[in-house]
Amino acid sequence: MIYKCENIVKKYDKKIVLNKLSFSITQNKVTCILGHNGSGKTTLIKSLLSLLLIDEGEIFFEGKNLKKYKEKDYYPKVSAVLEGNRNIYWYQTALENIYFFGYLKGLKKDDIKNKADRLLRVFDLYEQRNQKVSQYSRGMQQKLAIIISLLNDPLVLFLDEPTLGLDVVSKHNMIKILKEISKSTTIVLTTHQMDVVEKLAQNIILLDHGNILFDGDIKQLKDKEKKDSLRMEVYDPKRITAEIFKQNFIKQEGSISLIDFKRDNFDFNEVDNTLRENGLELINLKLKDNNIEDIFLKQGENNDF
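Read on for a plain summary of the structure. (Residues numbered from 1 in each chain as written. Predicted model: local features only at pLDDT ≥ 70, side-chain atom pairs only at ≥ 80, totals over all residues. Heavy atoms only, no water.)

### A few points about the nonpolar core
Soluble globular proteins tend to bury their nonpolar side chains together.
Right, on to step 1. Core analysis: the largest hydrophobic core is formed by 47 residues, its most contacted members being Ile98, Leu120, Phe123, Leu144, Leu159, Val197 and Ile204.
Right, on to step 2. With sequence-adjacent residues up to four places away left out, Leu159 is seen in contact with Val81, Ile146, Leu178, Ile187, Val188, Leu189 and Thr190.
Right, on to step 3. Counting 25 residues, the second largest nonpolar core, distinct from the first, contains Leu18, Ile33, Phe61 and Leu66. (Core = buried A, V, L, I, M, F, W, Y, C linked by side-chain atoms within 4.5 Å. Buried < 20%, exposed > 50% of the residue type's maximum accessible area, 1.4 Å probe, protein only. Contact = heavy atoms within 4.5 Å.)

This is the structure we're talking about:
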């Protein structure tokens, strides 16, 4: 493991934002920190980056207490893109940005050139290297920010919404690139795009109001939620199932409602009567194959993880 956290607490005034969190982050894997807005994701990442000081507990990096690291020893080992389009200068070209930040990282000109040539090609920005960043799309700006973050070959790369602003093809390519990068670099990311989590994350830390609901690999999370769940699809053009089934309701897709039940709590006759009384039509009932989006949507409604 590259990070180990023991009972870390962070408060803003009297509000507890991180509540005695204990977990570890495995080296050279992709760990995704998930949670609704306000769950503590950003505070946690900034604490791991030592941008915020925790109030209680300990954070260990490579087995050494983070408090004992000097900035000059720690920051060359980590890098972050927390807000992609604010990490670069728009009035400069891509190359000018790369050289500027490369020099700040203490790199030599030849090293910057070699890394710039390779990374610009990997991220498909080589032909636009002399364009001003103000002419870039948001997705291109995000790519450039990640390129800059990789110049110092960090042990850990923190990414906030790395695929935000990318079209379908660019997102697919970004996922492939990050998978390759993770073979030699630990990646910690946050995202609200559940398809990215499905394809990229190996470990998941699921937060809710500063508490950990789940910490483990993605397969464990799916298996934990499966437990013979049933999914019911109901024709509901009036959109009334959310109120009728409340705790079991998942989401509405057009005129179709998706409703989940634990198999051992499911009474078909009772549910069928409820549907008939409200003029609703059962379309399908099947064993549910959980995906991360469904599990994430249940967070906050049901903390039984």
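### Re the packing of aromatic side chains
Right, on to step 1. Applying the stated criterion across every chain yields a total of 14 aromatic pairs.
Right, on to step 2. With 6.1 Å between their ring centres and 45 degrees between their planes, Tyr99 and Tyr103 make a pair best called tilted. With a gap of four residues between them, Tyr99 and Tyr103 both fall in helix H3 (residues 94–104), about one helical turn apart.
Right, on to step 3. An aromatic cluster is built from Tyr3, Phe61, Tyr69, Tyr74, Tyr75 and Phe158, whose rings are joined through pairwise contacts.
Right, on to step 4. In this structure, Arg121 is placed above the aromatic ring of Tyr126, and the distance from its NZ or CZ to the ring centre is 3.7 Å.
Right, on to step 5. Over the ring of Tyr126 we find Arg129, and its NZ or CZ is 3.9 Å from the ring centre. (Phe/Tyr/Trp six-rings, centres within 6.5 Å; stacked < 30°, edge-to-face > 60°. Helix = DSSP H or I, 4+ residues; strand = E, 2+ residues; numbered from the N terminus. Lys NZ or Arg CZ within 6 Å of the ring centre and 35° of its normal.)

### Observations regarding helix H1 (residues 41–48)
Right, on to step 1. Counted residue by residue, H1 has six buried out of eight residues, so it is predominantly covered.
Right, on to step 2. Among the residues of H1, those classed as buried are Lys41, Thr43, Leu44, Ile45, Ser47 and Leu48.
Right, on to step 3. Positive backbone phi, at 65 degrees, marks Ser50, one or two positions downstream of H1.

### So, unusual backbone geometry
Right, on to step 1. One non-glycine residue, Asp153, adopts positive backbone phi at about 50 degrees.
Right, on to step 2. Structurally, the position occupied by Asp153 is in the loop between helix H5 (138–149) and strand E7 (156–160).
Right, on to step 3. Here Asp153 falls in the partly exposed class, since its relative accessible area comes to 48%.
Right, on to step 4. Its identity as a non-glycine residue notwithstanding, Glu161 has a phi of 50 degrees, on the positive side.
Right, on to step 5. Within the element layout of this structure, Glu161 appears in the loop between E7 and helix H6 (168–181).
Right, on to step 6. By relative accessible area, which is 11% here, Glu161 ends up buried.

### Things to note about the state of the cysteines
Right, on to step 1. In this structure the tally under the stated criterion is zero disulfides.
Right, on to step 2. With no disulfide of its own, Cys5 lies closest to Cys32 among cysteine sulfurs, the gap being 16 Å.
Right, on to step 3. In this structure Cys5 comes out as buried when scored by relative accessible area, which is 2%.
Right, on to step 4. The buried category is assigned to Cys32, whose relative accessible area is 0%. (Disulfide = S-S within 2.5 Å.)

### Focus: the side chain of Lys143
Right, on to step 1. If you trace the backbone, Lys143 turns up in helix H5.
Right, on to step 2. For Lys143, which is buried and forms no salt bridge, the nearest opposite charge comes from Asp124, at a distance of 4.9 Å.
Right, on to step 3. For Lys143, the contacting residues outside a window of four places in its chain are Phe123, Asp124, Leu125, Leu166, Ser170 and Met174. (Lys, Arg positive; Asp, Glu negative; His and termini not counted. Salt bridge = Lys/Arg side-chain N within 4 Å of Asp/Glu carboxyl O.)

### Things to note about the sheet that holds E7
Right, on to step 1. A sheet is described by the order of its strands in space; here six strands give the open sequence E6-E7-E8-E3-E9-E10, paired in mixed fashion. Looking at strand neighbours, the two that pair on one side only are strand E6 (78–81) and strand E10 (211–217), the edges of this open sheet. Direction aside, neighbouring strands of the sheet carry axes that sit 15 degrees apart on average.
Right, on to step 2. Sheet topology places strand E9 (residues 203–208) next to E10; six bridges connect them, and they run antiparallel. Residue pairing in the sheet places Leu207 in a bridge with Ile212 of E10.
Right, on to step 3. Running at roughly 135 degrees to strand E3 (residues 30–34), H1 makes contact with E3, E7, strand E8 (186–190) and E9 of the sheet. (Pairing = 2+ DSSP bridges. Axes fitted to C-alpha atoms, helices over the stretch in contact; angles between N-to-C directions.)

### Looking at H5
Right, on to step 1. The end-to-end C-alpha distance of H5, which contains twelve residues, comes to 17 Å, matching closely the 16 Å that a straight helix rising 1.5 Å per residue would cover.
Right, on to step 2. Within H5, ten of the twelve residues are buried, which leaves it mostly tucked inside the rest of the structure.
Right, on to step 3. All of the buried residues along H5 are Gly139, Gln141, Gln142, Lys143, Leu144, Ala145, Ile146, Ile147, Ile148 and Ser149.
Right, on to step 4. On the buried face of H5, the contacting elements are E6, H3, helix H4 (109–122), E7 and H6. (Expected span 1.5 Å × (residues − 1).)

### Examining the packing of H3 against H4
Right, on to step 1. One way to put it is that H3 packs onto H4 with a least axis distance of 10 Å and a crossing angle of 135 degrees. The angle between H3 and H4 falls in the class oblique. Of the two possible hands of crossing, H3 and H4 adopt the one that is right-handed. Contacts from Leu95, Ile98, Tyr99, Gly102 and Tyr103 in H3 reach Lys109, Ile112, Lys113, Ala116 and Leu120 in H4.
Right, on to step 2. Its residues assigned to classes, the contact of H3 with H4 shows seven nonpolar, one polar and two charged. (Parallel < 35°, antiparallel > 145°, perpendicular 65-115°, else oblique. Left-handed = near helix turned anticlockwise from the far one by under 90°. Nonpolar A, V, L, I, M, F, W, Y, C, P; charged D, E, K, R; others polar.)

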